[in-house]
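# Architecture and fold: a report
One-letter residues, chain by chain:
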Number of protein chains: 4
Amino acid sequence: MKNIKLTSLQEREKTIVRVGHVRVGEGFCVIAGPCTVESEQQTVETAKAVKECGADMLRGGAFKPRTSPYAFQGLGLKGLKILKKAKEETGLPIVTEVIDTRDVPWVTEYADVLQIGARNMQNFSLLKEVAKTRKPVLLKRGMNSTIEELLNCAEYILDGGNPDVILCERGIRTFETYTRNTLDISAVPSLKELTHLPVIVDPSHASGRLSLVSPLSLATVAAGADGLIVEVHINPAEAVCDKEQTLSPAQFKKMMEKIRSLYQFMSDSP
Amino acid sequence: MKNIKLTSLQEREKTIVRVGHVRVGEGFCVIAGPCTVESEQQTVETAKAVKECGADMLRGGAFKPRTSPYAFQGLGLKGLKILKKAKEETGLPIVTEVIDTRDVPWVTEYADVLQIGARNMQNFSLLKEVAKTRKPVLLKRGMNSTIEELLNCAEYILDGGNPDVILCERGIRTFETYTRNTLDISAVPSLKELTHLPVIVDPSHASGRLSLVSPLSLATVAAGADGLIVEVHINPAEAVCDKEQTLSPAQFKKMMEKIRSLYQFMSDSP
Amino acid sequence: MKNIKLTSLQEREKTIVRVGHVRVGEGFCVIAGPCTVESEQQTVETAKAVKECGADMLRGGAFKPRTSPYAFQGLGLKGLKILKKAKEETGLPIVTEVIDTRDVPWVTEYADVLQIGARNMQNFSLLKEVAKTRKPVLLKRGMNSTIEELLNCAEYILDGGNPDVILCERGIRTFETYTRNTLDISAVPSLKELTHLPVIVDPSHASGRLSLVSPLSLATVAAGADGLIVEVHINPAEAVCDKEQTLSPAQFKKMMEKIRSLYQFMSDSP
Amino acid sequence: MKNIKLTSLQEREKTIVRVGHVRVGEGFCVIAGPCTVESEQQTVETAKAVKECGADMLRGGAFKPRTSPYAFQGLGLKGLKILKKAKEETGLPIVTEVIDTRDVPWVTEYADVLQIGARNMQNFSLLKEVAKTRKPVLLKRGMNSTIEELLNCAEYILDGGNPDVILCERGIRTFETYTRNTLDISAVPSLKELTHLPVIVDPSHASGRLSLVSPLSLATVAAGADGLIVEVHINPAEAVCDKEQTLSPAQFKKMMEKIRSLYQFMSDSP
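Residues numbered from 1 in each chain as written. Chains lettered and ligands numbered in written order. Predicted model: local features only at pLDDT ≥ 70, side-chain atom pairs only at ≥ 80, totals over all residues. Heavy atoms only, no water.

## Considerations on the packing of helix 4 (residues 124–131) of chain A against helix 5 (residues 147–159) of chain A
All names here are of chain A.
- The contact between helix 4 and helix 5 brings their axes to 7 Å, and the two run at 40 degrees. The angle between the axes of helix 4 and helix 5 places the two elements in the oblique class. Both helix 4 and helix 5 take part in a crossing whose hand is right-handed. Contact with helix 4, carried on its side by F124, L127, K128, V130 and A131, involves C153, Y156 and I157 of helix 5 and no other residues of that element. (Axes fitted to C-alpha atoms, helices over the stretch in contact; angles between N-to-C directions. Helix = DSSP H or I, 4+ residues; strand = E, 2+ residues; numbered from the N terminus. Parallel < 35°, antiparallel > 145°, perpendicular 65-115°, else oblique. Left-handed = near helix turned anticlockwise from the far one by under 90°. Contact = heavy atoms within 4.5 Å.)

## Comments concerning the pattern of salt bridges
- All chains considered together, the criterion is met by 76 salt bridges over all chains.
- In this structure, R141 of chain B engages E169 of chain B in a salt bridge whose closest nitrogen and oxygen atoms are separated by 2.7 Å. With R141 of chain B in the loop between strand 7 (137–140) and helix 5 (147–159) and E169 of chain B in strand 8 (residues 165–169), this residue pair connects regions lying 28 residues apart in the sequence. With respect to class, R141 of chain B is no different from E169 of chain B; both count as buried.
- The salt bridge involving R260 of chain D is made with D56 of chain D; its shortest N-O contact spans 3.1 Å. One end of the pair, R260 of chain D, is in helix 9 (residues 249–268); the other, D56 of chain D, is in the loop between helix 1 (40–52) and strand 4 (57–59), with 204 residues separating them in the sequence.
- A relative accessible area of 29% places R260 of chain D in the partly exposed class. (Salt bridge = Lys/Arg side-chain N within 4 Å of Asp/Glu carboxyl O. Buried < 20%, exposed > 50% of the residue type's maximum accessible area, 1.4 Å probe, protein only.)

## Some remarks on the packing of helix 8 (residues 210–223) of chain C against helix 8 (residues 210–222) of chain D
- It is the contact of helix 8 of chain C with helix 8 of chain D, at a shortest axis distance of 7 Å, that shows an interaxial angle of 150 degrees. On the basis of the axis angle, helix 8 of chain C is roughly antiparallel to helix 8 of chain D. Seen along the crossing, helix 8 of chain C lies across helix 8 of chain D with a hand that is right-handed. Of the residues in helix 8 of chain D, those in contact with P215, L218, A219, A222 and A223 of chain C of helix 8 of chain C are P215, L218, A219 and A222 of chain D.

## Considerations on the interface of chain B and chain D
- On the chain D side, the residues contacting the 33 residues of chain B number 33 residues.
- When chain B packs against chain D, close to 2900 Å² is buried across both sides, 44% of that on carbon and sulfur atoms.
- Applying the counting rule to chain B against chain D returns 4 salt bridges.
- Of the charged contacts, one joins E149 of chain B and R173 of chain D as a salt bridge, the two residues approaching to 2.6 Å between their closest N and O atoms.
- Inspection of the chain B/chain D interface yields 27 residue pairs in polar contact (both at pLDDT 80 or more).
- Where the side of chain B that touches chain D is concerned, the elements lending two or more residues are helix 4 (124–131) and helix 5 of chain B.
- Of the residues forming the side of chain B that touches chain D, the biggest block, 5 residues, is contributed by helix 5 of chain B.
- The residue inventory of the side of chain B that touches chain D, partitioned by class, reads 9 nonpolar, 13 polar and 11 charged. (Buried area = accessible area lost by both parts, 1.4 Å probe. Polar contact = N/O pair within 3.5 Å; in protein donor to acceptor, adjacent residues only side chain to side chain. Nonpolar A, V, L, I, M, F, W, Y, C, P; charged D, E, K, R; others polar.)

Below is the structure:
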């Protein structure tokens, strides 16, 4: 029994992950928001802006895994409280990262979706811990991880008792330096043929370039993904991190119109 | 003067490469055909089939760069004559690879577009030789080459006096093994913002998997490419090479309908 | 002050990490033992064998981060108790991995050196937790991590108050498939010129091939490393994991003689 | 018969490639000289210097494959004549690159060893052409090529009738940026166990850093290679290319002493 791949498409129907009124895996789900929660004003205003543009959920980091110990590490509990406030104001469910097994119980009180970041994809203790919660999990592919490894990590969560996993392709590490990482667009149809789980894409981290976010998002829709997670900030020039790849509300609005229209076209085509 | 990047978008308008009545860089150009020319019947029948489905040009290899010296190396001149016959029967211009500086003069008599394969992208002698011809060149990105290196290779051709270069993204080598290579979809909008040359994609070699060719082709259209080069064979099960990734005419027909329809939609959208 | 690289060689003298009577960074330190603790007999016998061959410390995993949730996950506390027993019998200090922040306090009671595995290199919560202990830390480079990222992770530990960090190169992920990973031998002299910390190499995980462990170990000595961590099992054919790369005591003995002799030669040369 | 791997060690004894009085595959062969032939004085003086330090052959490029068409492309025939002059003055055999099938006949008149550069490893036409000559071939591994692909390229030459192939590991392309490429030291023992051909290493191109050339050369000896090819220039600061990685004669002398001494030690050890 233990060798059964719970993630395998053969076993059962497509998984629909319910997050409040949002159903990931049905229609096209857009998660938007700042890289990191900086202040109540920044977060609430961004939340209102992305809501107005038609985003389905709000993303925002309270705990930030940073390469250097001297970089901003996130607001922690204070950040979670700000996200809660943003949810109260907009109704948008909250997607936020958890990076420590000890934090899972109380982060769960604030998050609607627990994000496992790329650097923690193979933090198996953390996977086992989020598996025990009843919260949906957004599992990001590690930047050096194969599709098979990603599915095995999903398996840790499913096998641990939590069926609600959303897979996220966010770019892999290659020799190319023009982009921050290389978006593995093939992962979308590959994961769709290998598993019943919803698959979304993060074009912001994959490219690290503002000018590429929109074309990559359209490619994501056309490739058959179930959604996007994208960085938006009310004032990208002043964002604490990832400003080179963060959309302004105006840019996001324009992109959303194209995405919704393309998704509608794709759905209507036979 | 020599330091001017001729490929730079800043310098002049978008290049339209004319191949007979086909204009690459205007509309969406589809090049289709077998990996390799095996026989007159196979090639002419495939040519008729792809023409019927709406392909713009015929691809087919007479010289095949193969990893092993014991693998089929192509029919050579006989293959070129078969391609000429296929062109006479269908009117489709011929795209075929040249792999040796000494062959350039006479391959030029048969080819409408000279293809430089991925393994020869940095064969600078060959680049200089095709630069001397008046034939358009389809320059494939090396599987380990950066976008900057690809542009420098285009520069060799442009600087050598041949302005008609079509760039082709065909997948890069990464650690992922589910796909044969990793299609770098970001290269499409990246190349479009860096150069005035047309950019096409080869989803067949990039993925090495039949099931991925169609979703990747749709993603290519949505990402803003100018065309596709795709492997089609009248009987994929009997193809001498690349049978795992080669479409049948029926599969190609279905895909072409989706592609044309999507391209139309994208063009009509503001 | 926060921007000072504590690991920088410029700042202070070479770090010598003291582990019982062993001084890592002085002479050449060899850590050997099984991939995973399977039983008391297997562990104690292997410990005695590697001790007899001249190993300086015993390695052995009680917690195993495994790609699949259905693979053997280690004996946990029972494994730590077996390692303690092996230490009592041989006097060899214990190097063992910790994979969960919650386990750090009690694993610390059994381990002489806390190992951070490649998959957890950027588990920043875990780095901060081991930084609070007084135990030396063996920090393995992530298989997709740059040298700069490894040094930043060391920085998390040093900045957290623990000066005793041993860096370990264990192979990076590339396109090459003949070896399990690609040993980045250049990382040895690179890290030595960038930092004052001791640098060791894991040729077993890097290569995944028994026949390569000895030549790579000799190359490691010649490249100037401070030590090795290598997999040895009393009966490799029956090892629960990594049997393709695990040395028998007889093979280890032969290799140790060559290594000690080469190190002596290198030290005597001007 | 055609499927037999001619390079396989199983088939016959270790190949010794004779180049004048030098026997590659017996003892440790050092090929040294400038990246590119710049002038008679620079080349002849460098040749004399490396000869004095104990180099076995002189390297120097007359044709340079360069990323950009606007970079120095080499002196061509004039460069070959200078190399001939340097050979007359020192007796050192000449290793020089050939990059075009049309040049093979006349480059063969000047070269003692024909080098196939990394970018041309899979230029199969060129491999077939050098296979027809009676000159030994130094075949460099492509920076994105697997060990298996390298062996297949050697096979093209052997199968074409030329048994004298020297394999060269020169670094592969990875995500690491501290070094120019990543020296795959495992390729040395891997190639030695897979083939009967001599295997050498190019630490200069692999690392791109002067400070790493010496430790990597020592590691190469310890890993069991048959030789080295290294960049030396009478005045590195004024070298036309690769100055960051080029040794001065004084540095080369010091390194040679260490290498010869280490090789002697390794040979004497049981």
